[in-house]
Amino acid sequence: MESTMTKPIVELRDVHKEYRQGKLEVMAVNGVDLTIQAGEFTAICGPSGSGKTTLLNLIGCLDTPTKGGIRVGGEDVSRLSDSALADLRLRRIGFVFQAYNLVPVLTAFENVELVLALQGVPAAQRKKRVLAILEEVGLLDLRDRRPMDMSGGQQQRVAVARAVVADPQLVLADEPTANLDSHTGAALLQMMADLNREHQVTFLFSTHDPMVMDFSRRIVRIVDGRIASDESKTHGAGDRSPSGDRSTVAEEA
Amino acid sequence: MLLKMAFRNLWRRRFRTGITLVALGGSFALLLFFVALTEGSHQLMIDLAIRMQAGHVVIQAPEFQKERSLELRVTDPEDLLATLGPLPDGWVVTRRIFTTGLLRSADGSVMLDNLMAVDPVNERKVSDVGRKLVRGAWLDAGAPGILIGEKAARLLKVDVGDKVVVSCSGLTQKVEERFLVAGIFRVGGEADRGTAMIDLARGQVLLGMGDAVSQLAFFMPPDDSFAAARTLRSKLAGRPVAVLHWQEALPVLTQLLWVDDISMQVFIFIILVIVAAGILNTVLMSVMERTRELGILKSLGMKPWAVFRLVLTESLMLGLLAVAVGAALGLPLVHHFGEVGIDPLALTGGEVMEMEGIAFTDRIHPVLLAGSGMVLTAVVLVMTLLSALWPALRAKRILPVKALRQM
């Protein structure tokens, strides 16, 4: 665990992102330097419009910087084609969105399977891995349900399962608890904390939810597109919880 | 997985997909039916025209096509037939003389614009007149019988067994002869007034033609006609006769069929444009509604061309289903009317369609050729894919970061 902690997964050097809004030019990200090491459980927080979602999109290769360099898993992503970026997202990054964003026509099982299918993993192997991860997030019994037949918390757990099923180097979660009540949000965070601790999955959140910050071991505050502070803790809230509690809490979500 | 998603996406808006399917399937059924109707009416027109005026292949004097005169004749028909040798099974050859004249009775006269002297045995096998006798009987070889149309009989106030006089120009002089009305036919249109048939041998004597005829008409299975024309042409090379395929012998009909084909193609094109607009609308709506979802698929790592393929696959499925619905509606329709036929008068509002003295009064039996059905299916599917190209390209170009901002 210690050795992986020193390997940078994400490196941002003097990253700028400028938007045009009508005639106005908005500097959403303004000279950010940031390094995320493997195995981190980090929150980027700040008020609305501070640039945290833009920063997450840049790290997730969903957007390209106006200036500066971004390396993901050691690879410079600034000059990659759309197709190469898609491939990089597919193989190295998992996403959890605020609005769950599951594919409505697919069941829970199929939503999780989708990423593996896109990677070209054979069906038998896919089935094994999807069933294992669904069991881990406590949704094995709901595997044949479609998103519309699941609660918000259940959908978000499917989204987390989808994000981690292909063993990505990094999971980006944009306000993952924003649409959940506090109890469900806590259960979800505990589940992600357990995945981080047990499988060394690197999590990077954008949030203004104090509970997410409480669970995180590193908090990067961003104001007006610049990093205002970068604090690390020895423990997050999830670390203090006994690991045996996880499935119980997850089921409640 | 792509197929599963595409299929389920299609049924997300059941009502819209259903309406699109009914519209597209209905259009396809309509296309199948009209193509079959056109084919059926063409076959009927060709069949009637060939029976009355030509054959699948005809042999006649080279200039006869331009001017139907007795001088322009085939002087040695039996020698020509001997040169050709035995005819293949299923072939019939009939000898004909075409001229014009006047038909008189005690009560009146009518102009004959198509007085035919025909080989009574073989002409009987192919003639439309033989099938449409309303009274009396077919010509007997060597007998002074004449077949006349129903209108002519009414004008002349004659019936079967009555005497009539035929006056016409023979090869060298004006001639006149009495005939007995052997049969009265109703083929529809002007032919019922201006067409009459007499026995060939009598005609040859009356007209001073000797052994000569105006035309040797060959009948055969229609698919053999082009090859047959080539064979006859090569066997008779150097002889002073023209060997014509029916398309050359009946240029007006050929042209009419060609114009009709063009109109049909324009009609098909218009229907296909409507089909394309329907598909474009459905697919474009579906892509625009799912911008966020397609953006999510791309953010998860689905490659741009895979998104493109997903949309095209959905459209292709829509097209295939529409073809299936169309076939389910159209084929029974074609089959039913293929069996019972359609009265051409119902299509023309009671007006008899007539061309070169041939009236098309027989029931039209729509025929769908396998080739036409396959071509139509392929065209509809290609059209479906083409009309889905733009929505699919739009989907391919969706930027995940913008799509995710949409609610």
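Look up: the structure comes first, before these words.
Computed from a predicted model, the values in this text were never measured in an experiment.

Definitions and cut-offs
Residues numbered from 1 in each chain as written. Chains lettered and ligands numbered in written order. Predicted model: local features only at pLDDT ≥ 70, side-chain atom pairs only at ≥ 80, totals over all residues. Heavy atoms only, no water. Helix = DSSP H or I, 4+ residues; strand = E, 2+ residues; numbered from the N terminus. Buried < 20%, exposed > 50% of the residue type's maximum accessible area, 1.4 Å probe, protein only. Lys, Arg positive; Asp, Glu negative; His and termini not counted. Salt bridge = Lys/Arg side-chain N within 4 Å of Asp/Glu carboxyl O. Contact = heavy atoms within 4.5 Å. Core = buried A, V, L, I, M, F, W, Y, C linked by side-chain atoms within 4.5 Å. Pairing = 2+ DSSP bridges. Axes fitted to C-alpha atoms, helices over the stretch in contact; angles between N-to-C directions. Parallel < 35°, antiparallel > 145°, perpendicular 65-115°, else oblique. Left-handed = near helix turned anticlockwise from the far one by under 90°. Nonpolar A, V, L, I, M, F, W, Y, C, P; charged D, E, K, R; others polar. Buried area = accessible area lost by both parts, 1.4 Å probe. Polar contact = N/O pair within 3.5 Å; in protein donor to acceptor, adjacent residues only side chain to side chain.

A word on the side chain of B:D192
Residue and element names in this part refer to chain B. Its place among the elements puts D192 in helix α7 (residues 191-194). Put simply, D192 is tucked away with no salt bridge, and the nearest opposite charge, on K151, sits 5.4 Å away. Excluding anything up to four places from it in sequence, D192 contacts G149, E150, K151, A152, F185, R186 and V187.

Observations concerning the pattern of salt bridges
This model, assessed by the stated rule, comprises 34 salt bridges over all chains. Note that A:K17 and A:D63 form a salt bridge whose closest N and O atoms lie 3.3 Å from each other. Highlighted residues: A:K17 in strand β1 (residues 8-21) and A:D63 in the loop between α2 (52-59) and β4 (67-72), separated in sequence by 46 residues. You'll find A:K17 and A:D63 in the same group, each marked buried. Of the charged contacts in the structure, one is a salt bridge between B:E248 and B:R233, with a shortest N-O distance of 3.1 Å. Of the two residues, B:E248 sits in helix α10 (residues 246-249) while B:R233 sits in helix α9 (residues 225-235), which places them 15 residues apart along the sequence. By sharing partners, the salt bridges in this structure join B:D128, B:R131, B:K132 and B:D362 into a single network.

So, the nonpolar core
In terms of nonpolar packing, the biggest core is built from 77 residues, with A:L12, A:I44 and A:I59 touching the most fellow members. Core analysis: the second largest hydrophobic core is formed by 46 residues, B:V164, B:L200, B:L207 and B:V243 among them.

What about the sheet that holds β4(A)?
All names here are of chain A. Spatially, β2-β1-β4-β5 is the arrangement adopted by the four strands of the open sheet, whose pairing is antiparallel. Taken across any chain shown, the strands that pair with only one partner, and hence form the sheet edges, are β2 (24-37) and β5 (75-76). Packed on one face of the sheet, α2 meets β1, β2 and β4 and runs near 125 degrees to β1.

Description of the sheet that holds strand β6 (residues 93-96) of chain A
Residues and elements named next belong to chain A. Ordered by their spatial adjacency, six strands build an open sheet running β6-β7-β8-β3-β9-β10, and the pairing between neighbours is mixed. Two strands in the sheet have a free side with no partner beyond their single neighbour: β6 and β10 (226-232). Between one strand axis and the next, the sheet turns by 20 degrees as a mean value, whatever way the strands run. Of the pairings in the sheet, the one linking strand β3 (residues 41-45) to strand β8 (residues 203-207) comprises five bridges and is parallel in character. Within β8, the residue paired with F41 across the bridge is F203. Along the sheet, helix α6 (residues 152-164) contacts β6, β7 (170-174) and β8; its crossing angle with β6, the most-contacted strand, is approximately 170 degrees.

Considering the pairing of strand β2 (residues 92-105) of chain B
Residues and elements named next belong to chain B. Of all 14 residues in β2, eleven are buried; the element is thus mostly enclosed. Inspection of the sheet shows β2 paired to strand β9 (residues 215-219) by five bridges, in the antiparallel sense. Residue pairing across strands places T94 opposite A217, the latter belonging to β9. With nine bridges joining them, β2 and strand β3 (residues 108-118) adopt antiparallel strand pairing. Bridging across to β3, G101 finds its partner in L112.

A closer look at the packing of helix α2 (residues 14-53) of chain B against helix α13 (residues 304-340) of chain B
Helix-helix packing is characterised by the crossing angle of the two axes and by the distance between the axes. Residues and elements named next belong to chain B. Running from N to C, α2 and α13 point in directions that differ by 40 degrees, and their axes come no closer than 7 Å. Between α2 and α13, the crossing angle belongs to the class labelled oblique. In the packing of α2 onto α13, the handedness of the crossing is right-handed. Taken together, the residues of the contact of α2 with α13 break down into 18 nonpolar, six polar and no charged.

Some details on the packing of α2(B) against helix α15 (residues 370-397) of chain B
Residue and element names in this part refer to chain B. Closest axis-to-axis distance for the α2/α15 pair is 11 Å, and the angle between their directions is 150 degrees. Judged by the inter-axis angle, α2 sits roughly antiparallel to α15. In terms of crossing hand, the pair formed by α2 and α15 is right-handed. Along its contact with α2, which presents F28, L31, L32 and V35, the element α15 presents S372, G373, L376, T377 and V380. When its residues are assigned to classes, the contact of α2 with α15 shows six nonpolar, three polar and no charged.

What about unusual backbone geometry?
All names here are of chain A. Positive phi values are uncommon outside glycine, yet D167 reaches one of about 50 degrees. Tracing the backbone through its elements, the reader meets D167 in the loop between α6 and β7. Notably, D224 is not glycine yet its phi reads approximately 50 degrees, a positive angle. By the element assignment, D224 lies in the loop between β9 (218-223) and β10. Since its relative accessible area comes to 60%, D224 is described here as exposed.

Quick word on the interface of chain A and chain B
Contacts between the two partners involve 26 residues from chain A and, on the opposite side, 21 residues from chain B. Broken down residue by residue, the surface that chain A buries against chain B is led by A:L62, A:N101 and A:V105, which jointly contribute 23%. The interface formed by chain A and chain B includes three salt bridges. The partner of A:D87 in a salt bridge is B:K303, with the nearest N and O atoms 3.3 Å apart. At the junction of chain A with chain B, the criterion picks out seven residue pairs in polar contact (both at pLDDT 80 or more). Looking at the side of chain A that touches chain B, the elements with two or more residues in it are α3 (82-92) and α4 (108-119) of chain A.

What about the environment of B:S299?
With respect to the secondary-structure elements, B:S299 resides in helix α12 (residues 291-300). Taking the C-alpha atoms as reference points, B:S299 and B:L404, 105 residues apart in sequence, are found 8.9 Å from one another. Other than its neighbours up to four places away in sequence, B:S299 contacts A:L62, A:R89, A:F95, A:F97, B:P400 and B:L404.

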